[in-house]
Structure formats: C-alpha cells, structure tokens
Amino acid sequence: SARAWTKMDSRSCLNLAEQTQIPVYLFTGFLEAGKTKFIQETLEDKRFNNGEPTLLLVCEEGIEEYEPEEFSGNRVKLKAVEEESELTPENLSAWLKAAGAERVMVEYNGMWMLDSLYGALPENWLVAQEFMFADAGTFLTYNANMRQLCYDKMKSAELIVFNRFKPEMDKMEFHKVVRGASRRADIAYETADGKVTYDDIEDPLPFDLDAPIVNIEDRDYALWYRDVSEEPKKYAGKTVRVKVRCLKRKGIPAGSVIAGRHIMTCCEADIQFSAFICVCGDAPEPENDSWVILTAKMDYKFHRAYGRRGPVMTAISWEKAEPPEQPVATFY
C-alpha cells in the first residue's frame, strides 16, 4: 500500500490550524499516474483521516473513481473542478465554506499549470505537502514531448513517485530528469507488486566548496545559481570565480551591478536572466553589458536592491572575457 511509505500525517496540519490557516495537500501528475488510488488509500487510513472535515477538489476524471463509502471518516466532501478558470480565490473560499472543511486535498489536472492554483489560493490557505505521481512507462516520453508541463509539476514537489517501475528500467534516467528540476525532491520507485525503493543516487556538486576559490565552470552555472538560491547561507564567506554578464539597471545603486547569466530551466519560453547583486568594492566598475570573469567574496545580508536579506557578492577582481560557448545556461 502506498500509505505504508508516505510521509503524510494529519498531525502535520495542527500548527497550521492553530494559526487559522487551511492546510492543502496537493497531488499532481498526469492521467493514470496513480493519484486517485493514492488519495483513496490515504482517506481510508485512520492515521490521516479520522473524521476531520475535508474538501477534496477533483480537477480531472480518469478511469478510477473514488469510493467515498470506503473512507474512514464520513466528513469528506468531493467537488469536481472542470475548468481551470474556475480556480479563483472566491470559488475556493466558497467551496470550503459549503463543505464546512478545515483542510483541502487537491487532485490536480496534469495539463494545467500550477501557477493557476497557487495564484488562486486564498491568503490563509497553505500548501502543507505536494506529491507528484508518474507512470514510469510513459514518463520519459511525456518529459520529452511536454517538458514544460513535467517541469512545472516537479519543481516544487516534495516527493516524486514513479509507479509501475520495472527492474530493467534505468533509475539514472529518471534521476537526472528530476534533478534537472529540483535537488530537494525525494524520489521513490514503486513496482507493480507494491514494493517501494527510494532513490539513493548521490548528487555531489560539480565544484569544490572547500577550495580557497570555488571555481564555477561555464557548464555548471545553472547548478551553482540554483544551489546558492536554495542555500545562500552556505556560501557566506566563500570566494568564487565565475564567468558572468554584468548589467547596470534602474534601481541598482551606484557602485553595484547585477552579475549573472540567462538560464533555461525547461524550454525557451522560460529563459530568464538569473543573477546576484555584486558590489564593486575596490574593483573598478565593469562596462555595462560586458562579459567578465568575476572573482568575488559572497555574503548573505541585506541589500536595498533586494529589499531583504539575500546573497550578495563583493568583487575582488574582474577580467574581460568572451561569452561562453553556450550563453544560455541549462541544467543538462
């Protein structure tokens, strides 16, 4: 049973409830990925469902149907959401009130972008857990042909489950795809007989964080940028050397530039300039829109360009450089 290995627990919403927040349990993936079966088993389990009033939003209709009579509690209200445009704060609040619910479970439509849901959540709704389910037999094809949709579901999931996994399948293929979207997600492989194994492939960073100067190769910029963004405090006090494009923009105070590169996470449509604030310090200010090899000390502190604490670089030196062979960085 999938419930035997999930980390879901109704107790995880207690602190949220104390803050009058509504915990949301989000299940994503494409049709026939196993979402309905998992949710059904979860609601049959008294460890999660012991009569708590629950709203279950069903955003797509597959072959499997829910059997509410089998739920361990009788306080689950199902609401079908047929159109993506129905996801509005007003509708969600009204459905919650009509159900008299204190928590929400969502079986999300794999063809809808998650921004539609996240942008519609009322202020006091908080996603407590997010799981993605995929059929191992079709996932790699889906990813090749619908990369943006797959990336969208992987990027924020805590756990990604590959159902119907066969012994002859190469875990590394799945591992690389997931890690291209998220370094945080746990990965589980479930075979047809219900046996589950967790991904234990190590992902050492392709640069030495203990070196006197952490050298970032051109091919590793995207991985480095994401790692700094996810764990900025880890880089406080480190000295790095990296090829970047320096830009001066409105709102950036004198004596500072933004230093970075364009990154493509899944497709051309989502290419964006991913950079950090760099204080010029004693180094001469670089020309606007120039490529340089930057050696800088990193810190985690307040900078008014951010309006909050964040990773800030202080230049030690700049060296003029040619653009990388691939100016747009990727995770592959």
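Our structure is the block above this text.
Residues numbered from 1 in each chain as written. Predicted model: local features only at pLDDT ≥ 70, side-chain atom pairs only at ≥ 80, totals over all residues. Heavy atoms only, no water.

A. Quick peek at the pairing of strand S12 (residues 272-279). Across eight bridges, strand S11 (residues 256-263) lies against S12 in antiparallel orientation. What sits directly across from Ala 259, in S12, is Phe 276. Two elements, S12 and strand S14 (residues 308-320), share three bridges in a ladder whose sense is parallel. Each residue of the ladder has a partner; that of Cys 278, found in S14, is Met 313. (Pairing = 2+ DSSP bridges. Helix = DSSP H or I, 4+ residues; strand = E, 2+ residues; numbered from the N terminus.)

B. Up close: helix H3 (residues 89-99). Leu 92, Trp 95, Leu 96 and Ala 99 are the residues of H3 that are buried. The buried residues of H3 occupy an angular sector of 100 degrees when the element is viewed end-on, so they sit on one face. Exposed and oriented more than 90 degrees from the buried face of H3 are Glu 90, Lys 97 and Ala 98. At its buried positions, H3 is contacted by strand S1 (22-29), strand S2 (54-58), strand S3 (76-80), strand S4 (103-107) and strand S5 (125-135). The first or second residue beyond H3 is Gly 100, which carries a positive phi of 60 degrees. (Buried < 20%, exposed > 50% of the residue type's maximum accessible area, 1.4 Å probe, protein only. Arc of directions from axis to C-beta. Contact = heavy atoms within 4.5 Å.)

C. Molecular detail of the packing of helix H5 (residues 136-145) against helix H7 (residues 171-179). With their axes 11 Å apart at the nearest point, H5 and H7 run at an angle of 45 degrees to one another. In terms of orientation, H5 and H7 fall into the oblique class. Where H5 crosses over H7, the two elements pack in a sense that is left-handed. Each of Ala 136, Phe 139, Leu 140 and Asn 143 in H5 lies in contact with H7, whose residues at this interface are Glu 173, Phe 174 and Val 177. Grouping the amino acids of the contact of H5 with H7 by side-chain chemistry returns five nonpolar, one polar and one charged. (Axes fitted to C-alpha atoms, helices over the stretch in contact; angles between N-to-C directions. Parallel < 35°, antiparallel > 145°, perpendicular 65-115°, else oblique. Left-handed = near helix turned anticlockwise from the far one by under 90°. Nonpolar A, V, L, I, M, F, W, Y, C, P; charged D, E, K, R; others polar.)

D. How the structure looks around the packing of aromatic side chains. Tallied over the entire structure, the rule returns 18 aromatic pairs. Where Tyr 25 meets Phe 48, the ring centres are 5.2 Å apart and the plane angle is 85 degrees; that geometry is what we call edge-to-face. Here Phe 48 lies in the loop between helix H2 (35-44) and S2 and Tyr 25 lies in strand S1, a separation of 23 residues in the sequence. The exposure class of Tyr 25 is buried, given its relative accessible area of 0%. Ring-pair connections join several aromatic residues into one group, and the members of that group are Phe 139, Phe 162, Phe 165, Phe 174 and Tyr 189. Here Arg 103 stacks its cationic end above the ring of Phe 48, 4.1 Å away from the centre of that ring. We note Arg 308 situated over the ring of Tyr 306; from NZ or CZ to the ring centre the distance is 5.1 Å. (Phe/Tyr/Trp six-rings, centres within 6.5 Å; stacked < 30°, edge-to-face > 60°. Lys NZ or Arg CZ within 6 Å of the ring centre and 35° of its normal.)

E. Geometry of a negative patch on the surface. Side chains of Glu 32, Glu 44, Glu 61, Glu 64, Glu 65, Glu 67, Glu 69, Glu 70, Glu 82 and Glu 83 sit close together on the surface and give a patch of like negative charge. Assignment of secondary structure puts Glu 70 in the loop between S2 and S3. (Patch = residues over 30% accessible without salt bridge, like charges linked within 9 Å, V, L, I, M, F, W, Y side chains within 5 Å. Areas by Shrake-Rupley, 256 points an atom, 1.4 Å probe, with all protein chains shown as cover. Salt bridge = Lys/Arg side-chain N within 4 Å of Asp/Glu carboxyl O. Lys, Arg positive; Asp, Glu negative; His and termini not counted. Charge placed at Lys NZ, Arg CZ, Asp CG, Glu CD.)

F. Structural context of the state of the cysteines. A complete count under the given rule lists zero disulfides for this structure. As a non-bridged cysteine, Cys 246 has Cys 278 as the owner of its nearest cysteine sulfur, 6.6 Å distant. (Disulfide = S-S within 2.5 Å.)

G. Quick look at unusual backbone geometry. In this structure, Glu 32 is a non-glycine residue whose phi angle is positive, near 65 degrees. Locating Glu 32 in the fold gives a position in the loop between S1 and H2. With a relative accessible area of 37%, Glu 32 lands in the partly exposed category. In this structure, Arg 164 is a non-glycine residue whose phi angle is positive, near 55 degrees. Examined against the element boundaries, Arg 164 turns out to sit in the loop between strand S6 (159-163) and H7.

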